[in-house]
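# Secondary and tertiary structure notes
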Amino acid sequence: MEINSDMRQEEFLKTFQEALTGKVSDRIIQENVNYYRNYMNQEIQKGKSEDEVLTSLGDPRLLAKTLEESNKSANGD
């Protein structure tokens, strides 16, 4: 069971990372992947199921798009 759970989390992060690749800097990608990995682990430690955590985050591609747009705004593009 644990392997599947890690797989789903890693799948989410991989999709998120791939959606950002080439659109924002590698540093921003890594910072955000680390942030979401830590967030997911903290929520699971608090007692939430992985499904609950992933559902609350939504689509990783949409999350990536939001980050990409806010990054453009911050850089004045």
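These remarks concern the structure in this document.

Reading the values: the criteria
Residues numbered from 1 in each chain as written. Predicted model: local features only at pLDDT ≥ 70, side-chain atom pairs only at ≥ 80, totals over all residues. Heavy atoms only, no water. Helix = DSSP H or I, 4+ residues; strand = E, 2+ residues; numbered from the N terminus. Contact = heavy atoms within 4.5 Å. Core = buried A, V, L, I, M, F, W, Y, C linked by side-chain atoms within 4.5 Å. Buried < 20%, exposed > 50% of the residue type's maximum accessible area, 1.4 Å probe, protein only. Phe/Tyr/Trp six-rings, centres within 6.5 Å; stacked < 30°, edge-to-face > 60°.

### Quick notes on the side chain of glutamine 9
Secondary-structure assignment places glutamine 9 in helix 1 (residues 2–20). Setting aside its immediate chain neighbours within four residues, glutamine 9 contacts Arg37, Met40, Asn41, Ile44 and Glu50.

### Quick look at the nonpolar core
Phe12, Leu13, Phe16, Leu20, Tyr36, Met40 and Leu57 are the most contacted members of the largest nonpolar core, which has 17 residues in total. Broken down by secondary-structure element, the contributors of at least two residues to this core are helix 1, helix 2 (26–45), helix 3 (50–57) and helix 4 (60–74).

### Focus on the packing of aromatic side chains
With the rule as written, the count across this model stands at 3 aromatic pairs. Both rings, one in phenylalanine 16 and one in tyrosine 36, keep their centres 5.3 Å apart while their planes meet at 75°; by these two values the pair is edge-to-face. Within this pair, whereas phenylalanine 16 is found in helix 1, its partner tyrosine 36 is found in helix 2, the two being separated by 20 residues in sequence. Residue class for phenylalanine 16 comes out buried when judged on its relative accessible area of 1%. Seen from their ring centres, tyrosine 35 and tyrosine 39 are 6.4 Å apart, and the 15° between their planes marks the pair as stacked. Taken as a pair, tyrosine 35 and tyrosine 39 lie in helix 2 at a separation of 4 residues, close to a single helical turn. We classify tyrosine 35 as partly exposed; its relative accessible area is 48%. Each residue in the set Phe16, Tyr35, Tyr36 and Tyr39 is aromatic and connected to the rest through ring pairs, giving one cluster.

Nothing here speaks to function; it is geometry throughout.
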